[in-house]
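# Commentary on secondary and tertiary structure
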Amino acid sequence: MPAEQSTMAPPVAPPTIAGPGKPYRRRNLAVLAALPAAWLLPLAAVALDARWVLPPLVLLATASLLRGGRTMLDRLLLATVLLICLTTAAGLLFAVWPWGMDPVAVSGTALTALVLTALATGRRPTLPRPAWPDLLAVLGTTGLLWYLAQPLLRAGDFGGRLSILHRGEDYLRHLSLVDVIGRHGGYLFVDPAAVRDDLFSALVHYPQGWHLLVALLDGHRTPPGGGPAGVAAVEPFLWWNLASFGLLVLALLWAAQRLPGPLHPLSRLVLTVVVGALVLGSQLPRMLLSGYPTETLGLTLTVVLAVLVARPVGAPREHLLLLGALLVGIGYTYYLFLPAAVVLVLGALLLRHREVRRLRGTALVVGLATAVLAPVPILLGVFRANQTESLAATVGPDLTETWLALGGIGAFVVPALLVHAVRIGRADPAWRRWLFVLLVSVALTLAIGQASISLGGQAGYYFNKAGHLTTVLLIIGTAAVVRLLPVPTRGRPVRTAVAGLTAVTVAVATVWFVGVTGWHRSLLVVTPQSWAQRWVHQDVDQPGRAAVVCEQAHQRYPAVDGVTTLILDRRPYQSYLANICVSTLQGTTAGTEDGIYDMVFIEPGRTWQMLHRVPGEIRLVAVTDGARVRANRILRAVPELADRVTVETMIIDDPPS
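Overview of the structure. Nothing here was measured: the structure is a model prediction, and the numbers come from that model. (Residues numbered from 1 in each chain as written. Predicted model: local features only at pLDDT ≥ 70, side-chain atom pairs only at ≥ 80, totals over all residues. Heavy atoms only, no water.)

Moving on: the overall build of the chain. When you go through the chain residue by residue, the secondary structure sums to 28 helices and 3 strands. On C-alpha atoms alone, the chain measures out to a radius of gyration of 27 Å, which is about the 26 Å that the 2.2 N^0.38 rule sets for 657 residues. Along the first, second and third principal axes, the C-alpha set of the chain runs to 95 × 65 × 45 Å. Here the chain holds 657 residues, and 53% of them are scored as buried. Looking at the chain alone, contacts between residues at least 24 apart form 79% of all its contacts between residues at least 6 apart. In the chain, 52 side chains carry a positive charge and 37 a negative one; their mean positions are 18 Å apart. (Helix = DSSP H or I, 4+ residues; strand = E, 2+ residues; numbered from the N terminus. Rg over C-alpha atoms; globule rule 2.2 N^0.38 Å. Buried < 20%, exposed > 50% of the residue type's maximum accessible area, 1.4 Å probe, protein only. Contact = heavy atoms within 4.5 Å. Lys, Arg positive; Asp, Glu negative; His and termini not counted. Charge placed at Lys NZ, Arg CZ, Asp CG, Glu CD.)

Inspection of the secondary structure puts proline 488 in the loop between α21 (461–483) and α22 (493–513). Assessed through its relative accessible area of 24%, proline 488 is described here as partly exposed. As a C-alpha pair, proline 488 and valine 413 span 75 residues in sequence and 23 Å in three-dimensional space. Here proline 488 is in contact with His264, Leu266, Thr496 and Ala499, once residues within four sequence places are set aside.

The parallel open sheet is built from 3 strands, whose spatial order is β1-β2-β3. This sheet does not close on itself; its edge strands, each paired only once, are β1 (563–568) and β3 (645–649). Strand-to-strand twist across the sheet, computed as the mean angle between neighbouring axes with direction ignored, equals 25 degrees. In terms of strand pairing, β1 meets strand β2 (residues 617–622) through 6 bridges, oriented parallel. Each residue of the ladder has a partner; that of threonine 565, found in β2, is arginine 619. (Pairing = 2+ DSSP bridges. Axes fitted to C-alpha atoms, helices over the stretch in contact; angles between N-to-C directions.)

To continue, consider the packing of helix α2 (residues 54–65) against helix α3 (residues 72–94). A pair of packed helices is captured by two measures, namely the crossing angle of their axes and the spacing between those axes. For the pair α2 and α3, the least separation of the axes is 9 Å and the interaxial angle reads 115 degrees. When the axis of α2 is compared with that of α3, the two are roughly perpendicular. As α2 runs across α3, the sense of the crossing is right-handed. Within the contact between the two elements, α2 uses Val58, Leu59, Leu60, Thr62 and Ala63 and α3 uses Arg75, Leu76, Ala79, Thr80, Leu82 and Leu83. Of the residues in the contact of α2 with α3, the class split is 8 nonpolar, 2 polar and 1 charged. (Parallel < 35°, antiparallel > 145°, perpendicular 65-115°, else oblique. Left-handed = near helix turned anticlockwise from the far one by under 90°. Nonpolar A, V, L, I, M, F, W, Y, C, P; charged D, E, K, R; others polar.)

All right, on to helix α24 (residues 545–556) then. In a regular helix each residue adds 1.5 Å, so 12 residues correspond to 16 Å; α24 covers 16 Å between its end C-alpha atoms and thus fits that length. Taken residue by residue, α24 has Arg545, Ala546, Ala547, Val548, Val549, Cys550, Ala553 and His554 as its buried positions. Residues of α24 that are buried in the fold lie against α7 (158–167), β1 and α25 (572–586). (Expected span 1.5 Å × (residues − 1).)

So, on to the nonpolar core. Generally speaking, a soluble globular protein has its nonpolar side chains buried in company with each other. Residues Leu305 and Trp434 are the most contacted members of the largest nonpolar core, which totals 169 residues. The element that contributes the greatest number of residues to this core is helix α10 (residues 234–258), accounting for 15 residues. Discounting residues that sit within four places of it in the chain, leucine 305 has contacts with Leu323, Leu326, Leu327, Ile330, Ala341, Leu344 and Val345. One finds Leu568, Leu611, Ile634 and Leu635 within the second-largest nonpolar core, a separate group that totals 16 residues. (Core = buried A, V, L, I, M, F, W, Y, C linked by side-chain atoms within 4.5 Å.)

For β2, a buried count of 5 out of 6 residues is recorded, marking the element as mostly surrounded by other parts of the structure. The sheet contact formed by β2 and β3 spans 5 bridges and is parallel. Paired with valine 621 across the bridge in β3 is glutamate 648. With respect to chirality, the unit in which β2 leads through helix α28 (residues 625–637) into the neighbouring parallel β3 is right-handed. (Right-handed = clockwise from strand over helix to strand, strands pointing away.)

Before going further, it helps to spend a moment on the pattern of salt bridges. When the charged atoms of two side chains lie near each other, side chains of opposite charge can form a pair. With the rule as written, the count across this model stands at 13 salt bridges. In this structure, the salt-bridge partner of glutamate 355 is arginine 352, at a minimum N-O distance of 2.6 Å. (Salt bridge = Lys/Arg side-chain N within 4 Å of Asp/Glu carboxyl O.)

Our focus in this paragraph is the state of the cysteines. Evaluated as defined, the whole model comprises 1 disulfide. Across the disulfide from cysteine 550 sits cysteine 581; the S-S distance is 2.0 Å. Judged by the torsion about the S-S bond (-75 degrees), the cysteine 550/cysteine 581 disulfide is left-handed. Here cysteine 581 lies in helix α25 and cysteine 550 lies in helix α24, a separation of 31 residues in the sequence. The class for cysteine 581 is buried, based on a relative accessible area of 0%. (Disulfide = S-S within 2.5 Å.)

A contiguous nonpolar surface patch, about 300 Å² in accessible area, is contributed by Trp39, Leu40 and Leu43. Along the chain, leucine 40 falls in helix α1 (residues 22–47). Given the relative accessible area of 54%, leucine 40 is considered exposed. (Patch = residues over 30% accessible without salt bridge, like charges linked within 9 Å, V, L, I, M, F, W, Y side chains within 5 Å. Areas by Shrake-Rupley, 256 points an atom, 1.4 Å probe, with all protein chains shown as cover.)

Here the bond from glutamate 603 into proline 604 is cis, since omega is 10 degrees, no more than 30 degrees from zero. The phi dihedral of aspartate 598 is positive, around 55 degrees, even though this residue is not glycine. Within the secondary structure, aspartate 598 sits in the loop between α26 (589–592) and α27 (605–613). Classification of aspartate 598 as exposed rests on a relative accessible area of 74%.

Once that is clear, we can look at the packing of α7 against helix α8 (residues 170–184). Running from N to C, α7 and α8 cross one another at 105 degrees; their axes reach a closest spacing of 6 Å. Our classification of the angle between α7 and α8 gives roughly perpendicular. Between α7 and α8, the contacting residues are Ile164, Leu165 and His166 on the first element and Tyr171, Leu172 and Leu175 on the second.

What follows is the structure, given as structure tokens:
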């Protein structure tokens, strides 16, 4: 079965007689007109305060020059991931050229590159017509996003939005990264000394591809500012997180319908329901609740790469470019998946070695660029930031849920894949390739689990993350199960009735299996509520204590140069959350680092450490009488602290339960 199939042969045009120089003159005239337009359009958009039109314009222009993919969704999704990956690489350029992430410079350069690409390839901009198979994936993604957007729609004030951030502590650190990258105009690890006073040091070498993208798009939404984004950044940040999850959902629905090749409309409908239900009923929405946007984007890129390995696009040079770009994008967004992605690409190249030899020039250029760019974040993380220690991080019930997902979904998917691989493996090798993809992902999961055991005594946090990759690949693999179902046949009413009944049964059984209706818990989680239900039904009308403390402290005690503001609450963890939040909103995560991280979680020891470790003048904001008494007791016991510590009182009662 060919990777790409044309629905209709183009009509043969009668030959035309033209002078030998005519096509070249036309092309040169088009380039002469397009090159100035590549810069005039961004200049006009900025002058008219319409920066937001530039990213969609670049996306459409990129999609119009691609030739892989048969449908509009194919082109747009492949163009989206290609731009994401190329932008993560361009972040190195943004950090060193004088324009940072200025919309005119970025969009003008991108459009110029596209014009030169069209000139070099001789391609004219063209897009396929929208097709009805695209509609199911788009409608499915829209429905899931509308459901998952409910807490953001209900959070009518800043306190409610802060409550969402506090339910995922990591959100606050991601927000600070987006803020500082936006102010500095590029990757922070390029010049760590330049951000020493702006950012928590442990984040300087964290993979920053997602944060760069968000900061870049934010710069097209509003004019970039010179100071911390603060309160104004919280709401758009939450929507960017939701959009990232929506892109993952769209990629899963697209991948599940691309993997099996041509499908009956009824099969496509069932597959859309099955994939959507498994997304909602598995651990994947936990990435929204806990604040894992980088993993979300890393999964999206790895999913697209895996599907292109199993069912390549029909344009060989584009295929090589996409594989190389995806490796770079994965490296800069979530390099935990990079080893598996590299193995998948090497396997794909070995299987298509004749084609690679035929295109050895393209393969050499793409391969060298990928080999130079992709490993940069993982090398910095391992050798400069010693991030391998994180493999020892532990988890709770999530680990059980990973095994439930792998076993529960795998029990149906793997046998179906084996059936297809045996029956039609030669005619359609995509099924055998998907077994290879799953094998590589399982090997990565087990290898990380073993490394975690060696370092920490049990399979931990990153074993669970690798398990997410295997889970999404199994969800895509449900296409093999759906492909085994009977389909309606014209003129055979009995078969048609059986096919319809089977389709309804499979869809209803899947929805019941993962507890989407809420009548019972999902069989893939260990708690009565699924992660999706916990996210959607979270209470945003009554902000938690940490959110209330953060909001009021930020308003009443703005940042002061040379003074470190720290919050002191009743319990250590409450103080910890409030300090991360206030320092993020005020852009002081570097100055407060010594008073937040790597300290005991017991009082009064934590307060004593806080006052002794933070140098210079300290403004201590006590939000309970007990915290104020505790701080004053330490100051009386250590009089030399009194000269540089000021205790402010801001009593905040617990919100009603």
